[in-house]
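Coordinate inspection notes
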Amino acid sequence: MKKATTRQAYAKRIESVIELIWSDPLKDWGLLELADHACFSPYHFHRIYKQMCGETVHKTTRRLRMHFAGKLLQRPNTHIHQTAQETSYRSTESFSRAFQQTYGMSPSQWIHQLKQTEITNMHSVKIEDMKPQKLFGIDHKGPYMQIGAAFDKLYAWGFSKQAVLSEKTQVIGIFYDDPGHVKPEKLRSTACISAPEKMASDREDIQLITLEGGRHATLKFIGPYSQLEQAYQWLYGSWLPESGEEPANRPCFEIYLNNPKDTPPQALETLICMPLK
């Protein structure tokens, strides 16, 4: 009992660090500052964080800065030097090195690719019958690019509980609003993981929900999360009008088929699921 209580207390303290990092994801957070915030000795905080979050603090902060850098570079008339400054890099050269290591290409190549790329990996939509699924979920309100904070908190909680996380755990995001018509700060979404049978939540902010089954149009998108909006535009603008199908009165959701903590952004696989009538 004491061991379980300790794990839960540690999870709460790590969650407070997750909230702090995501409050300013473009900042280069220092280990000492985060350890102090969590009330852990810096000698032990690093190991506790890595164990509960699946990666080091340094990798988390750099991954987040690169996650947002990819989005920032999609802006019209963007400047690499400006993006380097916005993501807390001291020079354009150090930013470019980090970007190259993460994306496998330089920032300038990334910008060129965005201008030249036609969506070639999303012309195969499947109609699938899906079974209902029980999920644990944490609601997120704000830009969809920042839903990762809710996922990280959900995983820290899952680590504190026995039998929540396993190799079979599915990671799912439910998105209720169209970012083209709703202000970023008002967008609603829910970060979810599959819930084991007969297991309940012990926290108010973690809800047990049922994802309805039935017919769904599914589209696998391969690439950074920052480019997912292109897939939705193609799905709604090109495929749906020609499909003869009609969406059901339920939100789309995404199933994440690999882990952004150990997968290059260009290789991330996301299954976009549109409920159908």
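Val125, Phe136, Leu154, Leu235, Trp239 and Met274 are the most contacted members of the largest nonpolar core, which totals 35 residues. Listed by contribution, the elements that provide at least two residues to this core are strand E2 (133–141), helix H8 (148–160), strand E3 (171–175), strand E4 (188–194), strand E6 (214–222), helix H9 (228–243), strand E7 (252–256) and strand E8 (269–275). For this core, the leading source of residues is H9, giving seven residues. Leave out the neighbours within four places in its chain, and Leu154 touches Phe136, Ile138, Ala191, Cys192, Ile193 and Ile206. Within the second largest apolar cluster, 25 residues are counted, among which are Phe40, Ile48, Leu72 and Ala149.

Moving on to the sheet that holds E4. The eight strands are arranged E1-E6-E8-E7-E3-E4-E2-E5 in an open sheet whose pairing can be described as antiparallel. The open sheet has two edge strands with one neighbour each: strand E1 (125–130) and strand E5 (207–211). Within the sheet, the average angular offset between the axes of one strand and its neighbour, ignoring direction, is 35°. Strand direction decides the pairing type here: E1 and E6, joined by six bridges, are antiparallel. What sits directly across from Met130, in E6, is Gly214. Taken strand by strand, H8 contacts E2, E3, E4 and E7, and its axis lies near 30° from that of E4. The strands that H9 touches are E1, E3, E6, E7 and E8; relative to E8, the one it contacts most, it runs at about 40°.

You will see that Asn77, though not glycine, has its phi angle at about 55°, which is positive. The topology assignment puts Asn77 in the loop between helix H4 (57–72) and helix H5 (80–86). Residues other than glycine seldom take positive phi values, yet Lys198 does so here, at roughly 60°. Residue placement: Lys198 occurs in the loop between E4 and E5.

Right, let's talk about helix H6 (residues 92–103) for a bit. Its twelve residues place the ends of H6 16 Å apart at the C-alpha level, agreeing with the 16 Å of an ideal helix rising 1.5 Å per residue. Burial in H6 covers these residues: Ser94, Phe95, Ala98, Phe99, Thr102 and Tyr103. Buried residues of H6, viewed axially, fall in a sector of 145°; they line one side. Of the residues in H6, the exposed ones pointing more than 90 degrees away from the buried face are Glu93, Arg97 and Gln101. Positive backbone phi, at 75°, marks Gly104, one or two positions downstream of H6.

This paragraph deals with the pattern of salt bridges. Under the criterion given, the structure shown has 14 salt bridges. Between Glu55 and Arg63 there is a salt bridge, and its shortest N-O distance comes to 2.6 Å. With respect to class, Glu55 is no different from Arg63; both count as buried. When the shortest N-O distance is used, the salt bridge between Arg215 and Glu245 registers 2.8 Å. A residue pair is termed long-range when its members are at least 10 positions apart, and Arg215 in strand E6 and Glu245 in the loop between H9 and E7 qualify at 30 residues. Using a relative accessible area of 29% as the deciding quantity, one classes Arg215 as partly exposed. For Glu245, a relative accessible area of 24% puts it in the partly exposed group.

Criteria and cut-off values
- Residues numbered from 1 in each chain as written.
- Predicted model: local features only at pLDDT ≥ 70, side-chain atom pairs only at ≥ 80, totals over all residues.
- Heavy atoms only, no water.
- Core = buried A, V, L, I, M, F, W, Y, C linked by side-chain atoms within 4.5 Å.
- Buried < 20%, exposed > 50% of the residue type's maximum accessible area, 1.4 Å probe, protein only.
- Helix = DSSP H or I, 4+ residues; strand = E, 2+ residues; numbered from the N terminus.
- Contact = heavy atoms within 4.5 Å.
- Pairing = 2+ DSSP bridges.
- Axes fitted to C-alpha atoms, helices over the stretch in contact; angles between N-to-C directions.
- Expected span 1.5 Å × (residues − 1).
- Arc of directions from axis to C-beta.
- Salt bridge = Lys/Arg side-chain N within 4 Å of Asp/Glu carboxyl O.

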